[in-house]
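# Examination of the molecular architecture
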Amino acid sequence: LFYSLRNANRTKHAALSAGICLLLAGGLFLLATFVHTPRERARDATQRLIDAVAAADGATLRRELAPEARVVHPRARSGVSAEETASFVERNFAQSAQFQVKSHAVEQFQAARLSPDRVQVQVKVRVLPAATNFPVRAWLRLDYRIEQDKSLRCTGIEAITVQFAN
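Summarised in this report is the structure supplied together with it. Numbers given to residues run from 1 along each chain, matching the order in which its sequence is written. In view of the model being predicted, local features appear only for residues whose pLDDT reaches at least 70, and side-chain atom pairs are presented and counted only at 80 or more, with totals across whole chains, interfaces and linings using the full set of residues. Only hydrogens and water are set aside; all other atoms, that is, all heavy atoms of the structure, feed into the side-chain values.

### Some words on the sheet that holds strand β2 (residues 76–81)
Strands sit in the order β2-β1-β6-β5-β4-β3 across an open sheet of six strands; the sheet is mixed. Each edge of the open sheet is held by one strand with a lone partner, namely β2 and β3 (101–115). Recorded for the sheet is a direction-independent mean angle of 20° between the axes of neighbouring strands. Contacts are assigned to residue pairs that have any heavy atoms within 4.5 Å of one another. Throughout, an axis means a line fitted to C-alpha atoms (over the contacting stretch in the case of helices), and angles, computed between N-to-C directions, take values from 0 to 180 degrees. Only DSSP runs of H or I with at least four residues qualify as helices, and only runs of E with at least two residues qualify as strands; both kinds are numbered from the N terminus onward. Strands in contact with helix α3 (residues 38–54) are β1 (65–73), β3, β4 (118–129), β5 (136–146) and β6 (152–162); relative to β3, the strand with the most contacts, it is inclined by about 150°. Any two strands with at least two DSSP-identified bridges between them are counted as paired.

Structure representation (structure tokens):
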């Protein structure tokens, strides 16, 4: 735009057009910075939950999981309550515990808004246990409720597949 207007001997017009384009780009950048979509909030909430498990942080789990949340996995097909899950994580993922995590990462993330107040996430997580030093991968489904203040509360977690799970 600037180059073509400049060649037509319209330097003032070219500078004005370039300035308007830069102003619009800056405005769009600011708008994108301040607007958080449900998908972005779901990504943040999912990362907080995964980090809390890896750090054996039961307090964060209790805050992020809705009281009625159920966690379903191969050894608990009927589901485990939020409180039982937080207690289990505090005991078994702590430093020097059976499932202590050396490192973890989200490898894939998918989210869909199911209704005005529901978001569902599928996430692939890689965990490196301290005990085995061999990576374990899991696909998880997380269901979220969008609260009045636009925050998300996890209402359910299901382990879809866990590599090497019995």
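Now that the structure has been shown, we can carry on.
### Here's the deal with α3
Between its first and last C-alpha atoms α3 spans 24 Å; for 17 residues at 1.5 Å apiece the expected length is 24 Å, and the two agree. Among the residues making up α3, those that are buried are Pro-38, Arg-41, Ala-42, Ala-45, Thr-46, Leu-49, Ile-50, Ala-52 and Ala-54. Within two residues after α3, Ala-56 carries a phi angle of roughly 55°, on the positive side. Multiplying one less than the number of residues by 1.5 Å gives the expected span of a helix. Burial status follows relative accessibility: with a 1.4 Å probe on protein chains alone, a residue under 20% of its type maximum counts as buried, one over 50% as exposed, and anything between as partly exposed.

### Observations regarding the pattern of salt bridges
A pair is scored as a salt bridge if a Lys or Arg side-chain nitrogen falls within 4 Å of a carboxyl oxygen belonging to Asp or Glu. The tally for this structure, following the rule as stated, stands at ten salt bridges. When the shortest N-O distance is used, the salt bridge between Glu-107 and Lys-124 registers 3.8 Å. Separated by 17 residues along the polypeptide, Glu-107 in strand β3 and Lys-124 in strand β4 bring together distant segments of the chain. Arg-126 is the partner of Glu-107 in a salt bridge, and the nearest nitrogen-oxygen pair spans 4.0 Å. Taken as a pair, Glu-107 in strand β3 and Arg-126 in strand β4 lie far apart in primary sequence, 19 residues in all. Connected via shared salt-bridge partners are Glu-107, Lys-124, Arg-126 and Arg-137.

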